[in-house]
Amino acid sequence: MVVGVSKRPLIVMLIPFFLFVALLILCVFWTLGISFTDKALLGLAAIHPKFVGFKNYLRLITHPDFLNSMKVTVIFTFSSAIVGQCILGLLLAVALKNKKIRLKPIYEIAILLGWLLPDMVAAFMWGAFASGSGFLNVVLAPLGIKPVNWITTKPLITVIIANIWKGTAWSYLLFAAALDTIPRELFEAADVDGASALQRLFYVSIPILLPTILVNILLVTIWTFGYFSLIYGMTGGGPGHSTEVISILMYKEAFDSFHIGYGSAISISMTIMVGFMSIFYFWGQRRTEDVVQ
Amino acid sequence: MWFNRGLNREKISLVINYVLLSIIAIFWLSPFTWLILTSIDPHGTSAFKLPENTTLEHYFLVFAGSSSARWVLNSVLISAGSATMVLAVIIFAAYPFSRMQFRGKNVILWGLVLIRIIPLSAFLLPLFLFCVRFGLLNPMGVIVALSMLNIPFGLLLIKNFYDTIPLTYEEAAWVDGAGIMKTIFKVLLPIAAPGAVVVWFMTFTGAWNEFMLPFVLLRNPDFWPMSVGLYNSFGLHGSVNFGFLSAFSIVYAVPSVLVFFLLRKNLVSGLSGAGIKG
């Protein structure tokens with residue numbers, strides 16, 4: 001700040017910013033208020049919502065649909081984000097780090113394209129790709145797997161694989177950038193000691209990258225936890241409730257069944273769960289910064 | 001032979017690497033081959049087959065069809081509108097955050113990081129209720145909502161850029177009689193331009209790809225952006241025109257892919273620098 005300059009214009013410059021952010025936060029508190037009412041989108045409860053206390057939240061923790069959506073969300077998030085994207089992303093980053101691998105740009109672009117596509121394009125593409133007559137069955141035919149419509153027969157596994165296909169590039173980019181920061185001498189020293197590729201991975205790369213890996217796992221978990229578009233576009237949460245993750249349940253309650261109050265309660269519980277995970281994320285961020293400095 | 005066992009092991013691991021990488025690349029690229037082949041096939045279906053003859057008619061229809069051309073236009077307006085609004089707010093707001101010390105600054109900055117990582121679906125209902133209350137169930141509402149969600153990231157990024165600019169530059173401008181506006185536009189912005197470009201394009205592609213928010217806020221097909229138009233074209237109707245939708249998807253995906261490869265260098269550093277320093 002230049003000495004002697006009036007601060008007033010600076011405060012004026014902040015006003016639009018605070019307006020936007022305050023509005024967003026206000027909206028969240030408003031939703032919190034509505035989650036204690038029976039507000040609906042239509043009918044009498046739309047105009048005169050009644051205060052119902054914790055009824056929506058009690059319904060939430062006892063309702064089989066909500067418990068089912070939690071189960072589906074946990075399975076979806078754990079398998080596609082942690083097992084799929086993080087591990088595959090790390091392996092790809094390590095494999096493509098190998099200077100002897102040629103055609104690196106082709107492998108890279110193959111992974112990146114899926115990530116860059118808009119969610120709806122991926123959903124449309126996978127809808128056809130995994131259908132009975134789709135290309136997936138052509139690819140799987142040599143393995144002796146009979147053609148089926150994967151979206152109706154194995155819905156959850158299919159959306160998990162689609163999400164791994166879609167999201168791995170992010171982890172790959174992050175880990176590849178982090179691998180570049182490891183000094184070459186460490187690998188050379190490991191080579192001199194006769195370490196194999198796997199040993200280099202487990203005794204050099206992973207220990208050094210551990211903070212980055214943990215922070216990325218949290219970040220990807222948080223994002224995947226609230227993911228909506230790809231699953232909704234592919235299955236709409238069905239068949240039945242088999243792929244109904246929590247964001248889809250929230251959407252259905254609020255906009256298909258018009259239970260705004262109940263939907264708000266789901267939305268608030270989601271925010272709380274994500275906020276809880278974010279605490280660990282911040283803690284991890286701080287820790288990695290300490291390590292780096 | 002025992003003395004080149006090490007060499008062989010290296011070779012074997014390289015071969016395994018290649019095989020696995022190729023399987024992955026083939027698996028990753030195979031959905032695209034269907035999409036591209038279907039878009040130029042006059043009789044495309046969900047099945048994979050090589051087209052007997054090719055046509056570009058589907059691509060022509062994307063821009064000539066009355067509703068699809070409208071969706072393209074809506075997408076451009078919504079994305080460019082949000083990106084411009086975000087940039088207009090943050091090039092000013094980032095300045096006090098970079099140069100002024102005030103109470104609660106760090107709390108606000110960490111709060112912004114929190115808003116940035118919380119998934120949109122947690123904000124969906126609040127934003128919907130806000131737009132209902134203020135009569136914003138239209139593209140303007142989508143622009144306002146997307147701006148709210150993207151301002152935190154943009155501010156953090158531009159602030160980091162401003163932080164690297166030495167104070168002496170501003171002092172020199174101040175001595176020469178420049179006011180704050182002039183200092184921002186003539187001194188700071190030219191230096192922070194790469195950051196501003198990244199923020200604009202990031203917000204643009206984020207808004208361009210966004211499905212959930214316009215899906216909830218916009219019920220009138222004339223207002224739909226491409227994401228909602230695409231969903232409703234393959235989700236609702238019995239007969240799906242796969243050829244047309246494939247061409248539509250490719251047209252829709254091109255800007256997102258292009259922006260990434262144009263800005264790749266800046267993007268990765270900008271994305272991983274999501275945290276705040278000092």
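Just so we're clear, the structure is a prediction, and the values are computed from it rather than from any experiment. (Residues numbered from 1 in each chain as written. Chains lettered and ligands numbered in written order. Predicted model: local features only at pLDDT ≥ 70, side-chain atom pairs only at ≥ 80, totals over all residues.)

## Re the overall build of chain B
Counting its regular elements, chain B contains 11 helices and 0 strands. Secondary structure of chain B in N-to-C order comes out as α-α-α-α-α-α-α-α-α-α-α. Looking at chain B as a whole, 42% of its 278 residues qualify as buried. (Helix = DSSP H or I, 4+ residues; strand = E, 2+ residues; numbered from the N terminus. Buried ≥ 20, exposed ≤ 12 C-beta atoms within 10 Å, placed from the backbone.)

## Side note on the overall build of chain A
Check the secondary structure of chain A and you find 14 helices and 0 strands. Across chain A, helices and strands are ordered from the amino to the carboxyl terminus as α-α-α-α-α-α-α-α-α-α-α-α-α-α. In terms of principal-axis extent, the alpha carbons of chain A reach across some 75 × 75 × 30 Å. Residues classed as buried in chain A amount to 44% of the 293 residues present. In chain A, once contacts between residues fewer than 6 apart in sequence are set aside, the share between residues at least 24 apart is 71%. (Contact = placed C-beta atoms within 7 Å.)

## Here we look at the interface of chain B and chain A
At the junction of the two partners, chain B supplies 69 residues and chain A supplies 76 residues. Counting residues per element, the side of chain B that touches chain A draws most heavily on helix α1 (residues 5-40) of chain B, at 13 residues. Of the residues belonging to the side of chain B that touches chain A, the class tally is 53 nonpolar, 12 polar and 4 charged. (Nonpolar A, V, L, I, M, F, W, Y, C, P; charged D, E, K, R; others polar.)

## Quick word on the domain arrangement of chain B
Each domain of chain B was delimited in the assignment, giving domain 1 (2-40) and domain 2 (69-272). If you average the C-alpha positions of domain 1 of chain B and of domain 2 of chain B, the two centres end up 37 Å apart. (Domains from an automatic or database assignment.)

## Focus on the nonpolar core
Residue and element names in this part refer to chain B. Within the largest apolar cluster, 158 residues are counted, with the highest numbers of intra-cluster contacts made by I90, L155, I158 and L213. Ranked by the residues each element gives to this core, the list is headed by helix α6 (residues 139-163), at 15 residues. Summarising the domain contributions, this core has at least three residues from each of domain 1 (2-40) and domain 2 (69-272). If near-sequence neighbours (up to four positions away) are discounted, I158 is found in contact with I90, I91, A94, A192, G195, A196 and V199. (Core = buried A, V, L, I, M, F, W, Y, C linked by C-beta atoms within 7 Å.)

## A word on the packing of helix α4 (residues 105-117) of chain B against α6 of chain B
Helix packing for two helices is described by the angle between their axes and how far apart those axes are. Residues and elements named next belong to chain B. Look at α4 against α6: their axes get within 8 Å of each other, and the N-to-C directions meet at 130°. One way to sum up the angle between α4 and α6 is to call them oblique. As α4 packs across α6, the resulting crossing turns out to be left-handed. Each of L112, V113, I115 and R116 in α4 lies in contact with α6, whose residues at this interface are P152, F153, L155 and L156. For the contact of α4 with α6, the class distribution of residues is 7 nonpolar, no polar and 1 charged. (Axes fitted to C-alpha atoms, helices over the stretch in contact; angles between N-to-C directions. Parallel < 35°, antiparallel > 145°, perpendicular 65-115°, else oblique. Left-handed = near helix turned anticlockwise from the far one by under 90°.)

## A short note on the confidence of the model for chain B
All names here are of chain B. This prediction gives chain B a mean pLDDT of 81; 90% of its residues lie at or above 70. Segment residues 272-278 is flagged for pLDDT under 50; beyond a separation of four residues in sequence, or across chains, it makes 10 contacts in the model. Interface confidence for the predicted complex, given as ipTM, is 0.83, next to a pTM of 0.84. (pLDDT = per-residue confidence, 0-100.)

## Brief notes about the packing of helix α10 (residues 184-192) of chain A against helix α11 (residues 197-225) of chain A
Residues and elements named next belong to chain A. The contact between α10 and α11 brings their axes to 11 Å, and the two run at 140°. In this view, α10 runs oblique relative to α11, as classed from their interaxial angle. The two elements α10 and α11 meet at a crossing, and its hand is right-handed. Of the residues in α11, those touching α10 at L186, F187 and A190 are R200, Y203 and V204.

## With respect to the environment of L262 of chain B
For L262 of chain B, the position within the fold is in helix α11 (residues 242-272). As a C-alpha pair, L262 of chain B and M100 of chain B span 162 residues in sequence and 34 Å in three-dimensional space.

## Considering helix α5 (residues 104-116) of chain A
The terminal C-alpha atoms of α5 of chain A lie 18 Å apart, and with 13 residues this matches the ideal 18 Å at 1.5 Å per residue to within 8%. Listed as buried for α5 of chain A are Y107, A110, I111, L112, G114, W115 and L116 of chain A. (Expected span 1.5 Å × (residues − 1).)

## Examining the confidence of the model for chain A
Residues with a pLDDT of 70 or more make up 93% of chain A, whose mean pLDDT is 82. Mean pLDDT values for the elements of chain A range from 64 in helix α2 (residues 44-47) of chain A up to 89 in helix α12 (residues 229-234) of chain A.

## Things to note about the environment of F124 of chain A
Structurally, the position occupied by F124 of chain A is in helix α6 (residues 119-129). In this structure the C-alpha to C-alpha distance between F124 of chain A and I11 of chain A, which are 113 residues apart in sequence, comes to 47 Å. In this structure, F124 of chain A is in contact with G233 of chain A together with L230, F234, L245 and S249 of chain B, ignoring residues within four places of it in sequence.

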